[in-house]
Amino acid sequence: MDIKNKSLLKNLSYVDGEWINANDGSVTEILNPANSESLGSVPNCGSSETVAAIEAATKAQTKWSKADVKERALVLRNLHRLMLENQDDLAKIITFEGGKPISESVGEIAYAASFFEWFSEEAKRVYGDVIPGHQYDRRTLVIKQPIGVVGCITPWNFPSAMLARKIAPAIAVGCSIVSKPAPETPFSALAMAYLSELAGLPKGVLNIVTGDAEQIGAALTGHKDIRKITFTGSTSVGKLLLKQSAESVKKVSLELGGHAPFIIFDDADLDAAVDGALIAKYRNSGQTCVCANRIYVQSSIYDDFCERFTQKTSGLLVGNGLEEKTQQGPLISNNAMKKVSLHIKDAKDKGAKIATGGNPHALGGLFFEPTVLTGVTDDMLIAKEETFGPVAPIFSFESEQEVIRRANDTSYGLAAYFYTSDLGKSWRVSEQLEFGMVGLNTGIISTEMAPFGGIKESGLGREGSKYGVDDYLEMKYISLAGIEE
Ligand code: ADP
């Protein structure tokens, strides 16, 4: 990978402050999705390396939880600074391993770094409570303490930001971490581990184990010293981890799949809605859990919207993410290509029209044409399943109550978006949408200052914001008796 600061490129796992190989020396090769070229390899670790990491993290956690809060905040501030100082190189690593257009990767690093800044500030605000005693000689205290060692599993679509969003609050409150990056994108996580060392994080507080997902997942969920599991990824793996964690009743936070409705009412600012839908649909080539997956347009403006949206979609520049002008990079895998093709074929067979795109891109490999489908109906696969690709299905609707019912008719509940200029409707619809996050007149909702997370089968818990530390804390109540002489 051609970057300036070569020390960011690590090809070993990171356990107890040491860079380690797998015990059996085996490695996994990592490929660039834009051209299938090898980017190097990382150790193929399994259970035993994970257990060693948990033991190191357990030892480190005792000390880290007793560090002065200002020391923890300083390490996080350092990490924030180091991420930004290396922003261009770290962004390139994301693009090399994940294919993301470089401008989006630069944005992801800023977003990732923002969690270190935010939680360096929140570290100092882990307040408790003093509650009036229920008897005259008693006082009731509530304190919050770090939960302990955290097991963390992250996806490939935001390899830097998803890790930062989990480890920043953990580090802030005095937890230690054993983390497994996605097999497609380990280098961003390893670079972050390297920077954490420079930032002054004591050894053993952050451990990164690359390798076999099932073995590492089972070791994390099965170990008594792991007190919390935090996961971002598919709903099926999230359910599996929840089941595995039930055995020892671990606290679990899950950020899972989504199937975001994007609703445009006929009183909306149409230009703004077109631009918002483009961002919400095609960010990371449609491979984010908050991507618009069902675009509902009120019937009186349906044709107008479809025309404007299709025109802008067909102008999106597809190419290698490293080229500055690229707006759509490759998909992550052959499976992703297959799912996109399947959703398009199914929709076509059931009567949808392809307004633009619809095929693998002429560039070949994992590139797919940004695609718009019109005349989409609720019986099509794309109306139910997460596509995770650059396909925009556009549905038509008549009334407010109808579209709310259809938008909520899904087992997912992560993000929803809608555009209107009516104040009453803004409130009514926001309150009735069964989703953890609502973008009202915007297609971008992610910020470290707001609680990110879903309801229903989209997850448990919230990340970022003042609530983001809660998942890494236990509450303890102390009943203080015998105060009177
Ligand atoms: P995707 O289909 O987007 O890759 P996954 O849920 O499969 O989503 O992957 C998200 C993360 O979960 C990755 O780090 C992956 O390696 C990990 N993972 C997949 N299967 C398991 C498993 N059985 N146990 C633990 N982690 C897993």
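Given the structure is predicted, the values throughout are model-derived calculations rather than measurements.

A. Seen up close, unusual backbone geometry. Its identity is not glycine, yet S285 carries a phi of approximately 55 degrees, on the positive side. In this model, F388 sits at a positive phi of 55 degrees, which is unusual for a non-glycine residue. In this fold, F388 is placed in the loop between β15 (371-374) and β16 (391-397).

B. Highlighting the site of the ligand. In the vicinity of the ligand, 17 residues are found, and the nearest of them are T154, W156, K180, P183 and S234. A distance of 2.7 Å separates an oxygen atom of the ligand from a polar backbone atom of T154. Here a nitrogen atom of the ligand sits 3.4 Å away from a polar atom, N or O, in the main chain of A213. When the free accessible area of the ligand is taken as 550 Å², the share hidden by the protein chains comes to 78%. If you map the ligand onto the pockets, it falls in the largest pocket. When its residues are assigned to classes, the shell around the ligand shows ten nonpolar, five polar and two charged.

C. Highlighting the layout of surface pockets. A volume near 1,100 Å³ is recorded for the largest pocket. Every residue lining the largest pocket is counted, 48 residues in all, and those nearest its centre are P155, W156, G233, S234 and V237. Contributions of two or more residues to the lining of the largest pocket are made by α5 (161-173), α7 (213-222), β10 (226-232), α8 (235-246) and α11 (334-349). It is α8 that contributes the most residues to the lining of the largest pocket, six residues altogether. Looking at the lining of the largest pocket residue by residue, the class counts come to 22 nonpolar, 16 polar and ten charged. Quantified by volume, the second largest pocket comes out at close to 230 Å³. Lining the second largest pocket we find 13 residues, and of these L31, N32, P33, E184 and I332 sit closest to its centre. Here the lining of the second largest pocket takes four residues from strand β3 (residues 27-31), the largest share from any one element. Tallied by class, residues from the lining of the second largest pocket come to six nonpolar, four polar and three charged.

D. Highlighting the pattern of salt bridges. Going through the model one piece at a time under the given rule, you end up with 19 salt bridges. For the salt bridge of R165 with E463, the shortest nitrogen-to-oxygen distance reads 2.8 Å. Here R165, found in helix α5, pairs with E463, found in the loop between β19 (459-460) and β20 (473-480); they are 298 residues apart in sequence, far enough to count as distant. Classification of R165 as buried rests on a relative accessible area of 1%. For the salt bridge of D349 with K345, the shortest nitrogen-to-oxygen distance reads 2.7 Å. Here K345 and D349 lie together in helix α11, a separation of four residues that amounts to about one turn. One exposure class covers both D349 and K345, and it is exposed. Through salt bridges with shared partners, a single network forms among R165, K166, E255 and E463.

E. Up close: the pairing of strand β17 (residues 415-419). In terms of residue burial, β17 counts as a mostly covered element, since five of its five residues are buried. Residue alternation in β17 divides its side chains into two sets, A415, Y417 and Y419 and A416 and F418, and both sets are buried. By the bridge criterion, three bridges tie strand β12 (residues 260-264) to β17 in an arrangement that is parallel. If you follow F262 over to β17, its bridge partner there is Y417. In terms of strand pairing, β17 meets strand β18 (residues 437-440) through four bridges, oriented parallel. For Y417, the partnering residue across the bridge sits in β18 and is G439. Taken together, β17, helix α13 (residues 423-432) and β18 form a β-α-β motif whose crossover is right-handed.

F. Representation of helix α2 (residues 69-85). The end-to-end C-alpha distance of α2, which contains 17 residues, comes to 24 Å, matching closely the 24 Å that a straight helix rising 1.5 Å per residue would cover. For α2, the full list of buried residues reads R72, A73, V75, L76, N78, L79, H80, L82 and M83. Looking at the buried residues of α2, the elements they touch are α1 (47-64), α3 (87-98), α4 (102-122), α5 and α6 (186-198).

Calculation rules
Residues numbered from 1 in each chain as written. Predicted model: local features only at pLDDT ≥ 70, side-chain atom pairs only at ≥ 80, totals over all residues. Heavy atoms only, no water. Helix = DSSP H or I, 4+ residues; strand = E, 2+ residues; numbered from the N terminus. Near = heavy atom within 4 Å. Polar contact = N/O pair within 3.5 Å; in protein donor to acceptor, adjacent residues only side chain to side chain. Areas by Shrake-Rupley, 256 points an atom, 1.4 Å probe, with all protein chains shown as cover. 1 Å grid on protein atoms, 1.4 Å probe; cavity = no way out; pocket = protein on both sides within 12 Å on 5 of 7 lines; lining within 4 Å. Sits in = over half its atoms within 2 Å of the grid points. Nonpolar A, V, L, I, M, F, W, Y, C, P; charged D, E, K, R; others polar. Points joined across faces, edges and corners; volume = space filled by probe spheres on them. Salt bridge = Lys/Arg side-chain N within 4 Å of Asp/Glu carboxyl O. Buried < 20%, exposed > 50% of the residue type's maximum accessible area, 1.4 Å probe, protein only. Pairing = 2+ DSSP bridges. Right-handed = clockwise from strand over helix to strand, strands pointing away. Expected span 1.5 Å × (residues − 1). Contact = heavy atoms within 4.5 Å.

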